[in-house]
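Structure assessment
Chain residues, written in single-letter form:
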Amino acid sequence: MKPSNTPSSDRLTTLLYVTATVGAALLAVGAFVAPDRIWSNLLVASYYLVTLSLGALLFIALAYVSGAGWSVAFRRVPEAMASLLPVTGLAVVAVVAVRLKDYAWHPRGPHSGDNFWFKDWWLEPRWILTRAIVCVLLWIVFAKLIVGISRYAGPHSGTRSLTSNVRLSAVFLVVVGLSFSCVSIDWLMALEPMWFSTMWAVYQFSGMVMATLAAIVVLCLMLRQQGVLKGIFTDDHLHDLGKLLLGFSCFWMYIWFSQYMLIWYSNIPEETSWFITRTHGPWLPVFVANIIVNWAVPFLVLLPRPAKRNPGVMMKVAVLILVARWIDLYLVVFPKTVGSTPVFGLWEIAAITCGIGLFGLLFFRQFDSASSVPSSDPYLNESLHHHC
Amino acid sequence: MNERQLLVTFDHADDLLSAVETARRERWSIVDVFTPYAVHGLDRAMGLRPSRLTWVCFICGAIGGLGMLWFQHWVAAIAWPINVGGKPWNSLPADVPVAFEMMILLAAFGSVFALLAVSRLYPGKKAVMPSGEITDDRFVMVIRQDNAAFDADAARDLFEQAGAVDVRERVTDEEL
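Since the model is a prediction, treat every value here as computed from it, not as a measurement. (Residues numbered from 1 in each chain as written. Chains lettered and ligands numbered in written order. Predicted model: local features only at pLDDT ≥ 70, side-chain atom pairs only at ≥ 80, totals over all residues. Heavy atoms only, no water.)

On to unusual backbone geometry. A positive phi angle is found at Asn267(A), which is not glycine, with a value near 55°. Along the polypeptide, Asn267(A) turns up in the loop between helix H10 (235-266) and helix H11 (269-279). Using a relative accessible area of 46% as the deciding quantity, one classes Asn267(A) as partly exposed. For Arg27(B), which is not glycine, the phi dihedral falls at a positive 60°. You can see Arg27(B) is positioned in the loop between helix H1 (13-25) and strand S2 (29-34). (Helix = DSSP H or I, 4+ residues; strand = E, 2+ residues; numbered from the N terminus. Buried < 20%, exposed > 50% of the residue type's maximum accessible area, 1.4 Å probe, protein only.)

Side chains on a regular strand alternate between the two faces of the sheet. Residue and element names in this part refer to chain B. Among the six residues that make up strand S3 (residues 139-144), five are buried, leaving the element largely enclosed by the rest of the structure. Strand direction decides the pairing type here: strand S1 (residues 3-10) and S3, joined by six bridges, are antiparallel. Residue pairing in the sheet places Gln5 in a bridge with Arg144 of S3. Strand direction decides the pairing type here: S2 and S3, joined by five bridges, are antiparallel. Within S3, the residue paired with Ile30 across the bridge is Ile143. (Pairing = 2+ DSSP bridges.)

Moving on, we get to the domain arrangement of chain B. Annotation of chain B at the domain level lists domain 1 (3-49 + 126-172) and domain 2 (53-82 + 90-118). If you average the C-alpha positions of domain 1 of chain B and of domain 2 of chain B, the two centres end up 43 Å apart. (Domains from an automatic or database assignment.)

Our focus in this paragraph is a nonpolar patch on the surface. A grouping of Leu300(A), Leu303(A), Trp55(B), Phe58(B), Ile59(B), Ile63(B), Leu105(B), Leu106(B), Phe109(B), Val112(B) and Phe113(B) is seen on the molecular surface, where their side chains present a nonpolar patch of about 1100 Å² in accessible area. Secondary structure elements with two or more residues in the nonpolar patch: helix H3 (53-79) and helix H4 (92-118) of chain B. For the nonpolar patch, the element with the most residues is H4(B), which contributes five residues. If you trace the backbone, Ile59(B) turns up in helix H3. (Patch = residues over 30% accessible without salt bridge, like charges linked within 9 Å, V, L, I, M, F, W, Y side chains within 5 Å. Areas by Shrake-Rupley, 256 points an atom, 1.4 Å probe, with all protein chains shown as cover. Salt bridge = Lys/Arg side-chain N within 4 Å of Asp/Glu carboxyl O.)

This brings us to helix H2 (residues 35-65) of chain A. Residues and elements named next belong to chain A. Here H2 spans 44 Å end to end across 31 residues, near enough to the 45 Å set by a 1.5 Å rise per residue. Burial of H2 is extensive: 26 of the 31 residues sit out of reach of the surface. Of the residues flanking the end of H2, it is Gly67, one or two places downstream, whose phi is positive at about 65°. (Expected span 1.5 Å × (residues − 1).)

Met81(A), Trp139(A), Trp187(A) and Phe363(A) are the most contacted members of the largest nonpolar core, which totals 126 residues. Per-element tally for this core: the top contributor is H2(A), with 17 residues. If sequence neighbours within four positions are ignored, Met81(A) has contacts with Leu52(A), Ser53(A), Ala56(A), Thr212(A), Ala215(A), Ile216(A), Leu219(A), Phe359(A) and Phe363(A). Of all hydrophobic cores here, the second largest spans 25 residues; its members include Ala19(B), Val39(B), Ala45(B) and Met46(B). (Core = buried A, V, L, I, M, F, W, Y, C linked by side-chain atoms within 4.5 Å. Contact = heavy atoms within 4.5 Å.)

Turning our eyes to something else, we now look at a negative patch on the surface. Residues and elements named next belong to chain B. On the surface, Asp151, Asp153, Asp157 and Glu160 cluster together into a patch of negative charge. Within the secondary structure, Asp157 is located in helix H5 (residues 152-161). Of the residues examined, Asp157 reaches a relative accessible area of 44% and is grouped as partly exposed. (Lys, Arg positive; Asp, Glu negative; His and termini not counted. Charge placed at Lys NZ, Arg CZ, Asp CG, Glu CD.)

With that out of the way, let us pick up the environment of Val134(A). Locating Val134(A) in the fold gives a position in helix H7 (residues 125-151). C-alpha separation for the pair Val134(A) and Ser179(A), spaced 45 residues apart in sequence, amounts to 8.7 Å.

On to helix H9 (residues 200-226) of chain A. Residue and element names in this part refer to chain A. Between its terminal C-alpha atoms H9 stretches 39 Å, which fits the 39 Å expected from 27 residues at 1.5 Å a residue. Taken across its 27 residues, H9 has 23 buried, putting it largely inside the fold. Gly227 lies just past H9 and shows a positive phi near 100°.

This part covers the pattern of salt bridges. Residue and element names in this part refer to chain A. In the structure shown here, the tally under the stated rule is 16 salt bridges over all chains. Note that Arg99 is salt-bridged to Asp36, the shortest N-O span being 3.1 Å. Of the two residues, Arg99 sits in the loop between helix H4 (85-98) and helix H5 (112-115) while Asp36 sits in helix H2, which places them 63 residues apart along the sequence. The residue Glu348 makes a salt bridge to Arg37 at a minimum N-O spacing of 2.5 Å. With a gap of 311 residues between them, Glu348 in helix H15 (residues 346-368) and Arg37 in helix H2 connect regions that are remote in the sequence. Accessibility assignment for this pair places Glu348 and Arg37 in one class, buried. Where salt bridges share partners, they join Arg75, Arg76, Glu79 and Asp377 into one cluster.

Next comes the structure, spelled out in structure tokens:
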């Protein structure tokens, strides 16, 4: 059931190939010209992409564990995203490994171990790298198993493959809760090792799920337009994804504010430092824009029911949220690694185009390598007739 | 006021849906449709307008949220300024949680009470049902015979062909 290559998908492949190549070439040049900025861009891009594929696996696992039937019809989309974990995972580990010294706990004086023995132990560079590798390997294994079982379920496998995937997904949910908390703290929060926030992992989790939902919306609508998911991905599926997107946009805002307000209220210098740099001077407009594009606009646009059923509106909001996710991560990484002024130029564009090109190319290759609908899933019929 | 009604009973939701479409095509006025559970697509088949409850919810939520922001600002910065931890009197972050809670409270109460008022429900109200079967396993469509041109026998034939298990006429002054 491999979809035939239409002229539009051929053009898209060429376009993605060109953007990926040009972006990569520019990044390679930039690595010598502006290494700090290139590294920051690579960290944002690889973290962005690894959380997209991890979020997709989380979406699949949640559907399995909750016995959700509605999302089965377009499950090949998050499955193809999750199949990219070996690439995106390797990328983020490589980026972190290159600059392990930046994560080193500092200052490492002779007596610093007394007060900060835990930080001393936790932020040991080799230990950070070990954790990164272990977590990413775990995700890859679960992605291979869950996606593999779903893809190669025979027409007469009945509920057997469903049952194995429900069990695997339940274990994966525990694994991802622990591992994602660790690495989101390691890779992003530890860039400023003196600063800490107990809301960090859930803040990163909310952004991950929101961006994943937006990416699923964009990709499903693209595939429907190409004809592959025509009549399979319906406006009712779009509506439900829109509700989730609205919900997670509000959840992101809720968590963002919870983190901000706790720190604002207690007003302890070692906690406020992170926000001081981001709410003063030229970073302030980015700080405010982050809230507007991540929550205010999606919230107001997605509130009415017709908006969530309208492919045009949903496409625009989903793309806006994908941009917003980049701004959110940019605001986490750049004030520390690049400096006191926001920068946006050739290197940022290079990293973004390279990321989009690579992800798109690999995604469509993965998507084309399996049937476009999980035809042996017992819930498929329910999903095709989903009404909401 | 007494009115003549036609009570059409079905065993299957699919028959009900197609009968609702038939009734709409014939321009008979449907009083209401009673089902033991929510039947998907029924609102579309009946041609119901989208609920206006969302607007009640939105407006109540906006009143709660903005009203509480204003009230806290008035209390903390205008009427009785108190220095809390050296923070400015008009501190927005401190006002957000209460405004948020009030927004949800008013939106929820507004929706619930608007629903009760519009459907004329109140505690202890006696249920008016066209038939007891609708709480068990049957679907009932109630049609109002609102003009002389309505041919009850023709309608009965049409519905029985469409799978109705029972078609009954009644004259009632009950408001369903």
